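What follows is each chain in one-letter form.
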Amino acid sequence: SYDQLRKDPLTKDVWLRAMTTGLARLAQGLDGITVGTDTVFYLTHEEIKNIPKDRTVTYGRIVAQIRLQKVETHRTRLTVGGDRLDYPGIVSTPTAKLSTAKCLINSTISTDDARFIVSDIKDFYLNTPMARYEYMRLHLSIIPDEIIEQYNLRELATPDGWVYMEIRKGMYGLKQAGIIANQRLTKHLAKYGYEPTPRTPGLWRHTTRPITFSLVVDDFGIKYVGKEHARHLIQALSDLYTVSTDWTGALYCGLTIKWDYAQRHVDISMPGYVEAAIHKFQHPPAATPEDAPHAWNKPTYGAAVQYAPDDDTADKLSAPEVTRIQQIIGTLLYYSLAVDPTMLVA
């Protein structure tokens, strides 16, 4: 947890700097450190009294991550405790299923001169203006001193040390963050001729150009014929968002994709996924290799009737054991749907 990490004298300064930068970026910035996004505003005592009666003040949760591939390797993110919020509108967001993405990949390799690229919108869930504000609070004890001084939070805090915030733009954890970001994207891309298909969630197309893409949260898997059409979509996105593009189309939805357009062949894999799962669940290696995807009942040759095996008489699993089985199945189910369907029977 962030609280544990910040007590380590070797990394305390690093994590405090990350927390300072993250909070400043959400608010109105910090001199010499970062600019703000005006996502949250700290409330005065009088403004706290005027919080609408139909709003619940929720908690803030700090997520700490080490991302070695990023410029800022030690990163903290303040997320909203959305489980305590009661948003009255629709919160479900249309997103492409894995099967839709795989069909699009198959369609690309099957279409003459088609190519596949992947684009990503930075901070897609953030910075989306909200008509209905939400509220959360943090305790002074976990807020870095630079933020406290910059925003005069000791004066704004309640007698028991809580600092209240008004959330005016989308944040991670908000129930409505996904749908309002998607609605903003839909409205923006409509100006350029892009629209969601009517019956397949997360699948988009252009009204006249030979370009189709699947959208999973903020990741675009794009099939196009003619690079000028791909550039048209990227420019349309760049007019509103910060966009990065991988023209090799080598990684999408966690899938490693190896394209051979000349031979009309594509390989999908997830290198290291199973090894990571074995390590995660500390599963001991088998004494002999397990080559079959599931258990096999040897037939009784020559018998007129093949009887099913006896019912399992083992004791029922305890609650922690049930949870562990569910975690294992959940981890391997995605892999089986993505790469190895022979596992689905098991």
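Shown above is the structure to which this text applies.
The written sequence of each chain sets the order in which its residues are numbered from 1. Local features are withheld for residues below a pLDDT of 70 in this predicted model, meaning they are given only at 70 or higher, and side-chain atom pairs are given and counted only at 80 or more; totals for whole chains, interfaces and linings count all residues. Values reported for side chains reflect all heavy atoms of the structure, with hydrogen atoms and water molecules removed beforehand.

A. Broad picture of the overall build of the protein. Numbering of helices and strands starts at the N terminus; helices are DSSP runs of H or I of at least 4 residues and strands are runs of E of at least 2. Across its full length, the protein holds 10 helices and 14 strands. Counting only C-alpha atoms, the protein reaches 85 × 60 × 45 Å along its principal axes. Here the analysis covers contacts within the protein between residues at least 6 apart in sequence; of these, 66% occur between residues at least 24 apart. To measure how exposed things are, a 1.4 Å probe is used in the Shrake-Rupley method; for residues, cover is taken only from the protein chains shown. Per element, the accessible surface of the protein, about 21100 Å² overall, is 53% carbon and sulfur. For the purpose of counting charges, residues Lys and Arg are taken to be positive, whereas Asp and Glu are taken to be negative. His and the chain ends are not included. Every charge is mapped onto a representative atom, which is NZ of Lys, CZ of Arg, CG of Asp or CD of Glu. With 39 positive and 39 negative side-chain charges, the protein shows a spacing of 5 Å between the two charge centroids. Any two residues having at least one pair of non-hydrogen atoms within 4.5 Å are treated as being in contact.

B. Layout of the nonpolar core. The biggest cluster of nonpolar side chains holds 32 residues, and the ones touching the most others in it are Tyr42, Leu78, Ile143, Leu153 and Met171. Breaking this core down by element, the ones donating at least two residues are α2 (12–26), β1 (40–42), β3 (74–80), β5 (129–139), α5 (145–150), α6 (153–156), β6 (162–169) and α7 (177–190). In terms of residue count, α2 provides more of this core than any other element does, four residues in total. Beyond its immediate stretch of four places on either side in the chain, Tyr42 contacts Leu23, Ala27, Glu47, Ile147, Tyr151, Leu153, Leu156, Val163, Tyr164 and Met165. Formed by 20 residues, the second largest nonpolar core is a distinct cluster that contains Ile117, Phe220, Leu237 and Tyr241. Put simply, buried Ala, Val, Leu, Ile, Met, Phe, Trp, Tyr and Cys residues joined by side-chain atoms within 4.5 Å make one nonpolar core. Per-residue accessibility, obtained with a 1.4 Å probe over protein chains only, is compared with the maximum for each type, and a residue is labelled buried under 20%, exposed over 50%, and partly exposed between these values.

C. Local environment of α7. Helices are assigned an expected span. That span is 1.5 Å times one less than the residue count. Spanning 14 residues, α7 covers 20 Å between terminal C-alpha atoms, matching the ideal 20 Å at 1.5 Å per step. Within the span of α7, buried status applies to Ala177, Gly178, Ile179, Ile180, Ala181, Asn182, Leu185, His188 and Leu189.

D. Local environment of unusual backbone geometry. Backbone geometry places Asp38, a non-glycine residue, at a positive phi of 60 degrees. Structurally, Asp38 can be placed in the loop between α2 and β1. A relative accessible area of 34% places Asp38 in the partly exposed class.

E. Fine view of the state of the cysteines. The criterion for a disulfide is a pair of cysteine sulfur atoms lying within 2.5 Å. Inspection of the entire model under this criterion finds zero disulfides. Cys253 supplies the cysteine sulfur nearest to Cys103, a cysteine that is in no disulfide, at a spacing of 13 Å. For Cys253, a relative accessible area of 18% translates into the label buried.

F. Layout of the sheet that holds β6. Pairing between two strands requires that DSSP report at least two bridges joining them. Taken together, the five strands give an open sheet; going across it, the order is β1-β6-β5-β2-β3, and neighbouring strands pair in mixed fashion. Looking at the sheet topology across the chains shown, the edges are occupied by β1 and β3. Recorded for the sheet is a direction-independent mean angle of 40 degrees between the axes of neighbouring strands. Under this scheme, a helix contributes an axis fitted over its contacting stretch, all axes are lines through C-alpha atoms, and angles between N-to-C directions fall in the 0 to 180 degree range.

G. Just the sheet that holds strand β7 (residues 194–196), in detail. Ordered by their spatial adjacency, six strands build an open sheet running β7-β8-β9-β10-β4-β11, and the pairing between neighbours is antiparallel. The open sheet terminates on both sides in strands that have one partner only, identified here as β7 and β11 (243–246). Each neighbouring strand pair of the sheet contributes to a mean axis angle of 25 degrees, computed without reference to strand direction. Two strands pair when backbone bridges link them, and β7 and strand β8 (residues 203–206) are joined in this way by three bridges, in the antiparallel orientation.

H. Quick peek at the packing of aromatic side chains. The pairing test for Phe, Tyr and Trp rings, Trp by its six-membered ring, is centres within 6.5 Å, and the orientation test on the planes gives stacked under 30 degrees, edge-to-face over 60, and tilted for anything in between. Tallying each qualifying case throughout the model produces 12 aromatic pairs. Taking the centre distance of 6.0 Å and the plane angle of 70 degrees together, the rings of Phe116 and Tyr252 count as edge-to-face. Highlighted residues: Phe116 in strand β4 (residues 115–121) and Tyr252 in strand β12 (residues 251–252), separated in sequence by 136 residues. What makes Phe116 buried here is its relative accessible area of 1%. The exposure class assigned to Tyr252 is buried, which follows from its relative accessible area of 2%. On the numbers, 5.2 Å between centres and 50 degrees between planes, the contact of Phe213 with Phe220 is tilted.

I. View of the pairing of β6. Here β1 pairs with β6 via three bridges, running antiparallel. Each bridged residue has a counterpart across the sheet, and for Tyr42 the counterpart in β6 is Met165.

J. Here's a closer look at the pattern of salt bridges. Should a side-chain nitrogen of Lys or Arg be within 4 Å of a carboxyl oxygen of Asp or Glu, the pair is scored as a salt bridge. Here the structure, examined in full by the defined rule, presents seven salt bridges. Taking the shortest distance from any N to any O, the salt bridge between Arg264 and Asp112 comes out at 3.2 Å. Here Arg264, found in the loop between β13 (255–260) and β14 (265–269), pairs with Asp112, found in the loop between α4 (98–110) and β4; they are 152 residues apart in sequence, far enough to count as distant. With relative accessibility at 42%, the residue Arg264 sits in the partly exposed group. Measuring nitrogen to oxygen at the nearest pair gives 2.6 Å for the salt bridge that ties Glu134 to Arg132. As far as burial versus exposure is concerned, Glu134 and Arg132 are alike and both buried.

K. Seen up close, the layout of surface pockets. In this structure, the second largest pocket spans a volume of roughly 930 Å³. Lining residues are defined by having an atom within 4 Å of a point belonging to a cavity or pocket. Those points lie on a 1 Å grid over the protein atoms alone, cavities being sets where a 1.4 Å probe fits but cannot get out and pockets being open sets with protein on both sides within 12 Å along at least five of seven lines. What lines the second largest pocket is a set of 25 residues, among which His283, Pro293, Ile328, Leu332 and Met343 lie closest to the centre. For the lining of the second largest pocket, the elements supplying multiple residues, two or more each, are α9 (273–280) and α10 (319–338). With seven residues, α10 is the single largest residue contributor to the lining of the second largest pocket. Under the scheme applied here, ten amino acids are nonpolar (Ala, Val, Leu, Ile, Met, Phe, Trp, Tyr, Cys and Pro), four are charged (Asp, Glu, Lys and Arg), and all others, including Gly, are polar. Classifying every residue of the lining of the second largest pocket gives 18 nonpolar, three polar and four charged. Grid points are joined across faces, edges and corners, and a volume is the space filled by probe spheres set on the points.

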